[in-house]
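Each chain is listed here by its residues.
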Amino acid sequence: MIKPDRIVAASAPTLAEASRVAPAAAAINAGMRAEEHDRMANAIRALAMDAVEQAKSGHPGLPMGAADIATVLFTRFLKFDPTDLAWPDRDRFVLSAGHGSMLLYAVLHLVGYEKMTIEEIKRFRQLGSLTPGHPEYGHTPGVETTTGPLGQGLANAVGMAIAERHLAAEFSSAVVDHFTYVLASDGDLMEGISQEALALAGHLKLKKLIVLFDDNGISIDGPLALADSVDQVKRFESAGWAASRIDGHDPAEIAAAIEAAKKSQQPSLIACRTTIGFGAPNKGGTEKAHGAALGAEEVAAARQKLGWSAPAFELPPAIRAQWRAAGERGRPARLAWQARLAALPTEKRAEFERRIVRGELPEKELAAAVHDVKQKLAQAPKEMATRAASEFALEALTAALPEMVGGSADLTGSNNTRTKAMQALSAAEYAGRFIHYGVREHAMAAAMNGMALHGGVIPYSGTFLVFSDYCRPALRLAALMGVQVIHVMTHDSIGLGEDGPTHQPVEHLAALRAIPNLKVFRPCDAVETAECWQLALQSGKNPSVLALTRQNTPQLRQGFDEHNRCTLGAYELIAAENDAAVVSLFATGSEVAIAVAAKKLLAERKISARVVSVPCFELLAAAPQDKRAAIIGQARINVAVEAGIRQGWDGVIGSDGVFVGMTGFGASAPYKDLYQKFGITPEAVAQAALARLR
């Protein structure tokens, strides 16, 4: 129900209104009269109604219902400066309920983000606009993360809060001291990822994380009570959060709750009871306000109810001035922060600027670390699982790159992601560089996205490849946003053996390779593992997956090679005995050794063959055409071998190529027995080539 005392006029400014414009900034910092607040909140409502109505598409209900929350947050609490979008110590605002994107776009326009013009507001949901249906990081200035799939933004925010605490411990609160605010919907809190994320945040006591829950009691199907009866306040309290309930349309209650949350030693949930579509007299408070334009008649009625007489997309000058003053509020804080940064010791300031301001890798140190690993392997070749080879490489890499923050989903000993020198990151020690995520793969992946978005860290973590299914929504968003996260996914095939088909990935490599902008590395030995780590660390605009074996693999790369042979995604590992190979054998990971053995069998039959290792399909596809053609070669017969399904391989071997791999699920047995059972053997590969030559 709309409160009559909250409906105020917002027509052309009177002389009294004009007289308030000059001291607007001071009024905002000290709090404002209820009438002023209402006019400012109604500006959000009007822009949201107008944009959705013009697009004939969108979600007006949340922006109208949460306008009071946003107004209090952005005018009185959020630390930001629209003239410096990359200010490292700004507060982060995450609209986890991304369907309510017009709330964010309206506020960005009102506080003065230069590119968020009224023309962009008018182009809501149109091709090429800065106002897409859901907020997109890297596309719209001021958007901290891409949201829309519910629950992801909340989990991203947990990662941002982790990064803030970690970097504050490393560089001091003089230069890292900011809050992460989330506006979440009931849908965000119903998604399973929310439980994983809130439990992790509570465990780590992320006190600078504040979640504002738009508790409007409405879902797409109707009243929330149709599907949910969870007491969210008790739920969050049980996970170690401070939690409270307030009237989400009372600016004094909102401000008091945020003030209390900022002083808490725990993460905070503020359940803000709101009316969806606040101001719409017929559709407000119902599911009809959620996901469709209100319609011209309802918009007109809402304008009358709210006392908003300005034409569509127009703002009274006094209200615009107050919002712009709010946008200018953070400039003194930014300038003071710059002075504190300048006062840091020279070396610490240089490291801060490298990692957080510029986001640059220490290329010399990275190259030296990889060189050292490869040199050791050349001097003393190692037969080992590539997961163990990864740990061997990480010992050098994490020492060279202090921004690397590792972790595992309760599989540390299996994923080999924690080096000997790594301390655990905990509520008692945020400077630690290894996170125990628990059995929370989905939140782990999403939190890693948030850490990468925050800046200053390169997050990597571990789980089994089969559990990439649990990570997939967050992996897809990482690829969409182009953020650098590195997922170590071990036990990458039937080669894991006795755990059986529930844990043996078969379709997973193909499924991951199908995600645009995601690099999937599957190295064949210890040397390739080090090289793939180097490429993943240099992929600043791509997430990466390293698919690694449980079982030992021989070191096929002998001797020392300064160059990274994996750079083009594939390379000729062993050339044919003469220049005219009859058969090209392509393989990844543990199956490269099978291809090498098959080449020997073919040589015994006087068949000339070559072996090509293909550690990364994506890099091979992106290679210059001439180099790619040279790698694939011109042999009569192309044979690929991989302990997965064929999907994706035709881009390498052609549709007429021969594939040796899996066509169904695995089984529980020692891994050598499984390779025999499923016909992934040197003999089977050689026979497949010979069959085509007959």
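Sequence order as written defines the numbering, with residues in each chain counted from 1. Local features in this predicted model are restricted to residues of pLDDT 70 or higher, and side-chain atom pairs are both shown and tallied only at a pLDDT of 80 or more, whereas totals for entire chains, interfaces and linings draw on every residue. Neither water nor hydrogens contribute to the side-chain values; these are computed over all heavy atoms in the structure.

(A) Focus on the overall build of the protein. Helix and strand assignments follow DSSP, with helices taken as H or I runs no shorter than four residues and strands as E runs no shorter than two, numbered in order from the N terminus. A count of helices and strands for the protein gives 29 helices and 20 strands. By the compact-globule yardstick of 26 Å for 694 residues, the protein fits well, its C-alpha radius of gyration being 28 Å. Its C-alpha atoms give the protein principal-axis dimensions of about 95 × 55 × 45 Å. Expressed as a percentage of the 694 residues in the protein, the buried residues total 61%. Contacts between residues were defined by any pair of non-hydrogen atoms, one from each residue, lying within 4.5 Å. Taking contacts inside the protein between residues at least 6 apart in sequence as the whole, the part at least 24 apart equals 78%. The positive count covers Lys and Arg only, the negative count covers Asp and Glu only, and His and the chain ends enter neither. Working definition for charges: the position is that of NZ of Lys, CZ of Arg, CG of Asp or CD of Glu. Considering the protein, the positive charge centre built from 71 side chains and the negative charge centre built from 75 side chains are found 2 Å apart. Throughout, the radius of gyration refers to the C-alpha atoms, and the reference size of a globule is 2.2 Å times the residue count to the power 0.38. Think of it in three bands: with a 1.4 Å probe and only protein chains considered, a residue is buried below 20% of the maximum accessible area for its type, exposed above 50%, and partly exposed in between.

(B) Structural context of the sheet that holds strand 7 (residues 268-273). For two strands to be treated as a pair, DSSP must find at least two bridges joining them. Spatially, five strands are ordered 1-2-3-7-6 in an open sheet, and the strand pairing comes out parallel. Lying at the two open borders of the sheet, with one neighbouring strand each, are strand 1 (92-95) and strand 6 (242-247). Pairs of neighbouring strands in the sheet enclose a mean axial angle of 20 degrees, with direction left out of account. In the sheet, strand 1 pairs with strand 2 (residues 180-184) via four bridges, with the strands oriented parallel. Looking at the pairing, Arg-92 lines up with Thr-180 of strand 2. A fitted line through C-alpha atoms serves as each axis, taken over the contacting stretch for helices, and the angle formed by two N-to-C directions is quoted from 0 to 180°. Helix-sheet contacts for helix 8 (residues 152-171) involve strand 1, strand 2 and strand 3 (209-215), and the interaxial angle to strand 2 is about 170 degrees.

(C) Up close: the packing of helix 18 (residues 386-400) against helix 23 (residues 526-537). With their axes 9 Å apart at the nearest point, helix 18 and helix 23 run at an angle of 55 degrees to one another. By the angle between their directions, the pair helix 18 and helix 23 is classed as oblique. Every pair of crossing elements has a handedness; the one defined by helix 18 and helix 23 is right-handed. In this structure, helix 18 contributes Thr-386, Ala-389, Ser-390, Ala-393, Leu-394 and Leu-397 to the contact, and helix 23 contributes Ala-526, Thr-529, Ala-530, Trp-533 and Leu-537. When residue character is reported, Ala, Val, Leu, Ile, Met, Phe, Trp, Tyr, Cys and Pro are called nonpolar, Asp, Glu, Lys and Arg charged, and the others, Gly included, polar. Considered class by class, the residues forming the contact of helix 18 with helix 23 number eight nonpolar, three polar and no charged. Any angle that falls under 35 degrees is termed roughly parallel, while one over 145 is termed roughly antiparallel, one within 65 to 115 roughly perpendicular, and all others oblique. The hand of a helix crossing depends on one turn: near helix anticlockwise from the far one by less than a right angle means left-handed, and clockwise means right-handed.

(D) Fine view of the pattern of salt bridges. Salt bridges are defined as contacts in which a side-chain nitrogen from Lys or Arg sits within 4 Å of a carboxyl oxygen from Asp or Glu. In total, this model carries 30 salt bridges according to the counting rule given. Between Asp-84 and Arg-334 there is a salt bridge whose closest N-O contact spans 3.9 Å. Residue Asp-84 is found in the loop between helix 5 (67-77) and strand 1, and its partner Arg-334 is found in helix 15 (residues 331-342); the two are separated by 250 residues along the sequence. Note on Asp-84: relative accessible area 22%, which makes it partly exposed. Where Lys-374 meets Glu-531, a salt bridge forms, and the shortest distance between an N and an O atom there is 2.8 Å.

(E) Representation of the confidence of the model for the protein within the structure. Per-residue confidence from the predictor is reported as pLDDT, a score between 0 and 100. This prediction gives the protein a mean pLDDT of 95; 96% of its residues lie at or above 70. In the model, residues 1-29 has pLDDT below 50 throughout and makes 59 contacts with residues more than four positions away in sequence or in other chains.

(F) Summary view of the nonpolar core. Working definition of a nonpolar core: buried Ala, Val, Leu, Ile, Met, Phe, Trp, Tyr and Cys residues. They are joined through side-chain atoms within 4.5 Å. Counting residues in each nonpolar core, the largest one holds 74 residues, and the members touching the most others are Ile-162, Leu-206, Leu-209, Trp-241 and Leu-512. Of all the elements, helix 8 adds the most residues to this core, at eleven residues. Excluding residues within four positions of it along the chain, Leu-512 makes contact with Leu-465, Ser-468, Arg-472, Leu-475, Met-489, Leu-518, Val-520 and Val-545. Counting residues in each nonpolar core, the second largest holds 71 residues, with Tyr-105, Leu-212, Ile-254 and Ala-255 among its members.

(G) A look at helix 18. By definition here, a helix of n residues has an expected span of 1.5 Å times n minus one. For helix 18, with 15 residues, the first-to-last C-alpha span of 21 Å sits near the 21 Å given by 1.5 Å per residue. The largest bend in helix 18 is about 35 degrees, located at Leu-394. Residues Thr-386, Arg-387, Ala-389, Ser-390, Ala-393, Leu-394, Ala-396, Leu-397, Thr-398 and Ala-400 constitute the buried set of helix 18. Two axes define the bend at a residue: one fitted to the seven residues ending there, one fitted to the seven starting there, and the bend is the angle between them.

(H) Just the environment of Gly-151, in detail. Secondary-structure assignment places Gly-151 in the loop between helix 7 (118-122) and helix 8. The spacing of Gly-151 and Ala-97 is 54 residues in sequence and 8.0 Å in space, taken between C-alpha atoms. Once residues lying within four places of it in the same chain are set aside, the contact partners of Gly-151 are Ser-96, Asp-188, Glu-191 and Ile-193.

(I) Representation of helix 5 within the structure. In terms of burial, helix 5 is a largely internal element, ten of the eleven residues being buried. By the burial criterion, the buried members of helix 5 are Ala-67, Asp-68, Ile-69, Ala-70, Thr-71, Val-72, Leu-73, Phe-74, Thr-75 and Phe-77.

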